[in-house]
Amino acid sequence: MQFSSKKPRAVTDLKAELYSQPLQFYAQPPLENISLSEFESFAVDRLKLLKTVENLGVSYVKLNDDYLKKLDNEIRTLNFPQKMKIFEEKFKDAKDQTEKRRKDHISHFILRLAYCQTEDLRRWFIQQEVDLFKYRFKKLDSGEKLEFLHKNNLQYNTISAEEKDNLREKLTISSYAASGVKLEEQDFYKVPFQDALDLVRTRKVYLKEGYAYIPHNEIVTIVLNDFRTRLSKALALTARSLPAVHSDERLQPLLNHLSHSYLGQDYSVQKNVGKISLEQIDSLAGKSFPLCMRQLHQALRDQHHLRHGGRMQYGLFLKGIGLSLEQALQFWRMEFIRGKVDADKFDKAYAYSIRHMFGKEGKRADYTPYSCMKVILSNPPSQGDYHGCPFRHSDPELLKQKLQSYKVSPSGVSQILELVKGMHYQLACQKYFELTHNVEDTSFSLSHPNQYFTESQKVLGGGKDVKRETDTLQRPQESSAARGLTAAREPAVDESQHLAEITKNLETDFQDA
């Protein structure tokens, strides 16, 4: 697999420059040839790493001790670089560390090819890469952080001891990160305020004459925003190159398989069509719906109407749990005609959109139920809307009242609100699951409203083997991709046979992750 140039000296110089640093923005693509087997193994290992990042993010508070310990172990297991300088005397095998950084660099760009194809794929990839970058940036010491900023044209300098002393009182009062820490032990960066709008908005920094004075612990916010912006633009540019990549029959099925293997179950593929009756929905909403869908269901029953955002979020969720198109049309029509919409207006104004989400109208795309990430990050609700994530978009006091009305214990409400305060919205939802199902600790990482429903039904139905059932649900999709990969033959016999072996073993690799 050739990434670009064939100039050995340029490649050597680039590797020496790129891999001498413990962290990078991935601004420069690889300039070397790699084998197909290396291409595949690098991609699979990075996917395993990103999936671990995702699972830890919804199972632990990010960057706490347990989170860091488990992520450290996974990085070591998958042979990705730890935080070490190449030329440190105590690190005996500099060549080994360089190879790990090479793997990190190339694997990132391979997954760009796989995850630039749709909005949902890009959103998932960006979030996991940003979390991984944050973990790595936090591992750098003060000098390494400053060196990284300057190397990437983020010319932010720490203020002098004299200036810090002159602003002592104001820095201490205005900077949350500096509270409880001796000012002398805390570095402050002087940054143009427009580069720190998130911190300014949340009143975490001191402002003076157009500059924000950012504590050492908060500079990561600016760096992450910059990394997110760069990666988002890079994925958009990569998407334009997809026709050239798809012309290679060796890579297209492999990339498609990779992009589907780590987003979890595809809930657009209905497994229980018609097994849920309309009469069951009210009961299921109270027992097995996540809070976001329970809120939408209640609003629909109370007001006999939902706006477009709510209809899409709730309608696709119902589709995912097994409602057929005919049932969905009947369900929405019955509810809407109880309000201000008569049957004729419903058929003209609303029935089309329901058929559309089932792939029966328009471009006939079979729409997928929204994941937690999509609900949290996209299309925030406005006045009169009920979609979105209650843990993310609700006022804390209103959320508290809602939880109390659903008989969540006072201590449980406090635990959930503490997680919400720390912006751990999926953890808050998982805690809500535990409290409403009387389970001590869930054996899954929550990432999808339909997953919440499925796991709830398992708990209420006697508790089957979660992992085995999940794997079984994923297997048809993975087998389909594997068949597509095997079908893509290359004249070169050795590569063709090797690719077939890769495809055969991919499912096992993914299930073990």
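Our subject is the structure that appears above.
So, a few notes on the structure that sits alongside this text. Residue indices follow the written sequence of each chain, beginning from 1 at its first position. Totals for whole chains, interfaces and linings use all residues, but because this is a predicted model, local features are given only for residues with pLDDT of at least 70 and pairs of side-chain atoms are given and counted only at 80 or more. With hydrogens and water excluded, all non-hydrogen atoms of the structure serve as input to the side-chain values.

A word on the packing of helix 14 (residues 291-303) against helix 16 (residues 325-336)
Moving on, step 1. Axis definition: a line fitted to C-alpha atoms, limited for helices to the stretch in contact. Angles are taken between N-to-C directions and run from 0 to 180 degrees. Think of it this way: any DSSP run of H or I at least four residues long counts as a helix, any run of E at least two long counts as a strand, and we number them from the N terminus. In the contact formed by helix 14 and helix 16, the axes pass within 8 Å of each other and the chain directions differ by 45°. With respect to helix 16, the axis of helix 14 lies oblique. Where helix 14 approaches helix 16, its residues His297, Leu300 and Arg301 are matched on the opposing element by Phe331, Trp332, Glu335 and Phe336. Orientation categories follow fixed angle ranges, with anything under 35 degrees roughly parallel, anything over 145 roughly antiparallel, 65 to 115 roughly perpendicular, and all other angles oblique. Whether two residues are in contact is decided by their heavy atoms, any of which lying within 4.5 Å being enough.

With respect to the sheet that holds strand 4 (residues 211-215)
Moving on, step 1. Strands pair, by our definition, only if DSSP identifies at least two bridges between them. The four strands lie next to each other as 1-2-4-3, forming an open sheet whose pairing is antiparallel. Pairing within the sheet leaves two strands with one partner each, and these edge strands are strand 1 (157-158) and strand 3 (206-208).
Moving on, step 2. Alignment of strand 1 against strand 2 (residues 188-192), held across two bridges, turns out to be antiparallel. When the bridges of strand 2 are listed, Asn157 appears paired with Lys190.
Moving on, step 3. Set on the sheet, helix 6 (residues 142-151) makes contact with strand 1 and strand 2; between it and strand 2 the angle comes to about 20°.

Remarks on the pairing of strand 4
Moving on, step 1. Burial status follows relative accessibility: with a 1.4 Å probe on protein chains alone, a residue under 20% of its type maximum counts as buried, one over 50% as exposed, and anything between as partly exposed. Summarising burial for strand 4: four of the five residues are buried, a large majority.
Moving on, step 2. If you look at the hairpin formed by strand 3 and strand 4, you'll find two residues sitting between the two strands, and Glu209 has a positive phi there, around 50°.

Focus on the packing of aromatic side chains
Moving on, step 1. Under the pairing criterion, centres of Phe, Tyr and Trp rings, with the six-membered ring standing for Trp, must be within 6.5 Å; the plane angle then separates stacked pairs below 30 degrees from edge-to-face pairs above 60, leaving the rest tilted. Under the definition given, this model contains 27 aromatic pairs.
Moving on, step 2. Between Tyr314 and Trp332 the ring centres are 6.0 Å apart and the planes differ by 75°, which places this aromatic pair in the edge-to-face class. A residue pair is termed long-range when its members are at least 10 positions apart, and Tyr314 in helix 15 (residues 308-321) and Trp332 in helix 16 qualify at 18 residues.
Moving on, step 3. For the ring pair Phe336 and Phe346, a centre distance of 5.9 Å and an interplane angle of 75° mean the geometry is edge-to-face. Here Phe346 lies in helix 17 (residues 343-349) and Phe336 lies in helix 16, a separation of ten residues in the sequence. Per residue, the accessibility class of Phe336 equals that of Phe346, and both read buried.
Moving on, step 4. Each residue in the set Phe289, Tyr314, Phe317, Phe331, Trp332, Phe336, Phe346, Tyr350 and Phe453 is aromatic and connected to the rest through ring pairs, giving one cluster.
Moving on, step 5. Two conditions define a charge located above a ring, namely a distance within 6 Å from the ring centre to NZ of Lys or CZ of Arg, and an angle within 35 degrees of the ring normal. A cation sits over an aromatic face here: Lys319 above Phe358, 5.5 Å from the ring centre.

Some thoughts on helix 5 (residues 119-139)
In an α-helix, one turn spans 3.6 residues; hence positions three or four apart end up facing the same way.
Moving on, step 1. How far a helix is expected to stretch is found by multiplying one less than its residue total by 1.5 Å. The terminal C-alpha atoms of helix 5 lie 30 Å apart, and with 21 residues this matches the ideal 30 Å at 1.5 Å per residue to within 8%.
Moving on, step 2. Among the 21 residues of helix 5, 15 are classified as buried, and the element is accordingly described as predominantly covered.

Re a nonpolar patch on the surface
Moving on, step 1. For patch detection, residues must exceed 30% relative accessible area and be free of salt bridges, and they are connected within 9 Å for like charges or within 5 Å for nonpolar side chains (Val, Leu, Ile, Met, Phe, Trp, Tyr). For accessible areas, the Shrake-Rupley method is used with a probe of radius 1.4 Å. Any residue's cover is judged against the shown protein chains and nothing else. We count a salt bridge whenever a side-chain nitrogen from Lys or Arg sits within 4 Å of a carboxyl oxygen from Asp or Glu. There is a patch of nonpolar side chains on the surface, built from Phe193, Leu197 and Leu207 and spanning about 250 Å² of accessible area.
Moving on, step 2. Looking at the element boundaries, Phe193 is found in the loop between strand 2 and helix 9 (197-201).
Moving on, step 3. On the accessibility criterion, Phe193 (37% relative accessible area) is partly exposed.

Notes on the nonpolar core
Moving on, step 1. We define a nonpolar core as any set of buried Ala, Val, Leu, Ile, Met, Phe, Trp, Tyr and Cys residues linked to one another through side-chain atoms lying within 4.5 Å. With 63 residues, the main nonpolar core has Phe133, Phe137, Ile214 and Ile219 as its most contacted residues.
Moving on, step 2. Residue contributions to this core peak at ten residues, all from helix 2 (residues 36-59).
Moving on, step 3. Boundaries of every domain are those given by an automatic assignment or by a domain database. Looking at which domains feed residues into this core, each of domain 1 (15-150) and domain 2 (153-224) gives three or more.
Moving on, step 4. In this structure, Phe133 is in contact with Leu23, Gln24, Phe25, Phe148, Val223, Leu224 and Phe227, ignoring residues within four places of it in sequence.

What about the packing of helix 15 against helix 24 (residues 449-460)?
Moving on, step 1. It is at 10 Å that the axes of helix 15 and helix 24 come closest, and there the two elements cross at 40°. When the axis of helix 15 is compared with that of helix 24, the two are oblique. In terms of crossing hand, the pair formed by helix 15 and helix 24 is right-handed. Seen from helix 15, the contacting residues are Phe317, Gly320 and Ile321; seen from helix 24, they are Pro449, Asn450 and Phe453.
Moving on, step 2. Of the residues assigned to the contact of helix 15 with helix 24, the class counts are four nonpolar, two polar and no charged. Crossings are sorted by hand: turned counterclockwise from the far helix by less than a right angle, the near helix makes the crossing left-handed, and turned clockwise it makes it right-handed. In the scheme used here, Gly and all other residues not listed as nonpolar or charged are polar, with Ala, Val, Leu, Ile, Met, Phe, Trp, Tyr, Cys and Pro taken as nonpolar and Asp, Glu, Lys and Arg as charged.

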